[in-house]
Amino acid sequence: MIRIAQSLLQKATTAVAIANKTAKRITNVPSLMGVPLTANGRRIKALKNMHAGKRGFVLGNGPSLLSTDPGLLKDEVTIASNGIFLLFDETSFRPTFYTVEDTLVAEDRAQSINALKGFTKVIPEDLKSHIHPDGDTLYINFVRGFYPGFPKMSTNLSNRANWGGTVTFLNLQLAWYLGLNPIYLIGVDHNYAPPKPEDQVDGVVIESKTEDVNHFHPDYFGPGYRWHDPRVDRMEMGYQAARKFFDSQKVQCFNATAGGKLEVFDRVDYHTLFPKTEGLEHAT
């Protein structure tokens, strides 16, 4: 009986030790991913609900942005991306957060992006070789390609952000992580002219030989700049997934774009969001 008891005790002790090791491994999973235990990871985690309860604006870069006065956003939480800096010579507007997820944009615009200062840049870790570390830049784990459940909104940006066919999908994940509610989209035209005959097309990569007609500035993807074939159908899937997610989280998201073809989100007139300026003429 004593031997049996000793044997059972030994087995129980071994089981507890295994359980403790397993629990420790589970507890340390985030640290194994290299997020929470780094200064960068702590800064990403600090963004969680940083602006809870505030409204926020996610800017696209469509031609309609020229019909939207960004000067009204000076006291708002804003998220912009890619070539938004081409607007900076014409307006005092600067975003609160800036993102890039497209590898071609990161490669072709690296010098301009690295020169940006004064606002937080949220960049995929795999673009670090192009967009260099500085005091304004945070790096996230960005899952590209057709992962299981694509397209899917991430619920924890300190763990991962998911690709959804457009940088706006990343920006909507960031907006939710910041706690923004409601969220307003502007400049998201959701409509693209096809490449011109003189443009160089190599699979899904297009190199422009002429001025860009799909964005607010002709140099956005102007001569010499590369862009991916814009799959609007895939973007639509991303917006639908975002709408479903926001509805489940009781987060309101509206489309305040001047025109365009995005109808996934209920529309509002941008200028009615600023009552003191309603009915006035606005210029960028």
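What you see as residue numbers is a count from 1 along each chain, following the sequence as written. pLDDT decides what is reported in this predicted model: residues at 70 or higher carry local features, side-chain atom pairs at 80 or more are listed and counted, and totals for whole chains, interfaces and linings draw on all residues regardless. In computing side-chain properties, one takes all heavy atoms of the structure into account and sets aside hydrogens as well as water.

A word on the layout of surface pockets. Summary: where empty space remains is shown by rolling a probe the size of a single water molecule over the atoms. Using a grid of 1 Å spacing that covers the protein atoms alone, one calls a set of points a cavity when a 1.4 Å probe fits there but cannot get out, and a pocket when the set is open and has protein on both sides within 12 Å along at least five of seven lines; lining residues are those with an atom within 4 Å of a point. Grid points are joined across faces, edges and corners, and a volume is the space filled by probe spheres set on the points. Approximately 750 Å³ is the volume found for the largest pocket. Taken together, 35 residues form the lining of the largest pocket, with Asp102, Gly165, Thr166, Val167 and Met235 sitting closest to its centre. For the lining of the largest pocket, the leading source of residues is helix α7 (residues 232-248), giving 3 residues. Following the grouping adopted for this structure description, the nonpolar residues are Ala, Val, Leu, Ile, Met, Phe, Trp, Tyr, Cys and Pro, the charged ones are Asp, Glu, Lys and Arg, and the polar ones are all others, Gly among them. Here the residues of the lining of the largest pocket are counted per class, giving 12 nonpolar, 16 polar and 7 charged. We count a stretch as a helix when DSSP gives it H or I for four or more residues in a row; a strand needs E for two or more, and each element gets its number in order from the N terminus.

On strand β8 (residues 183-186), burial covers both faces: Ile183 and Leu185 on one face and Tyr184 and Ile186 on the other are all buried. Note: strand β1 (residues 56-59) against β8, 4 bridges, orientation parallel. Of the residues in β8, the one forming a bridge with Leu59 is Ile186. A pair of strands counts as paired when DSSP detects no fewer than two bridges linking them. Summarising the sheet, β8 and strand β12 (residues 253-255) pair through 3 bridges and their orientation is parallel. Among the inter-strand pairings, Ile183 is bridged to a residue of β12, identified as Cys253. Accessibility here uses a 1.4 Å probe with only protein chains present; expressed as a share of the type maximum, an area under 20% marks a residue as buried, one over 50% as exposed, and anything in between as partly exposed.

Our next topic: unusual backbone geometry. Of note, the amide linkage connecting Phe150 to Pro151 takes the cis form, showing an omega dihedral of -10°. Structurally, Pro151 is set in the loop between β6 (142-143) and β7 (161-162). A cis amide bond links Asn181 to the next residue, Pro182, at an omega of 5°. For Pro182, the location among the structural elements is in the loop between α6 (167-178) and β8. Here Asn49, not a glycine, exhibits a phi torsion of approximately 60°, which is positive. At His190, a position not held by glycine, the phi torsion is positive, near 55°. Among the residues examined, His190 registers a relative accessible area of 7% and is labelled buried.

Parts of the prediction with low pLDDT should not have their coordinates interpreted in detail. Averaged over all residues, the pLDDT of the protein equals 88, while 84% of them reach at least 70. The score called pLDDT rates the predictor's confidence residue by residue, from a low of 0 to a high of 100. Residue contacts follow a heavy-atom distance rule, with two residues in contact if any of their heavy atoms lie within 4.5 Å. Across residues 1-36, confidence stays below pLDDT 50; counting only partners more than four residues off in sequence or on other chains, it has 11 contacts. Note that residues 279-284 has pLDDT below 50 and, in this model, 11 contacts with residues that lie over four places away or in other chains.

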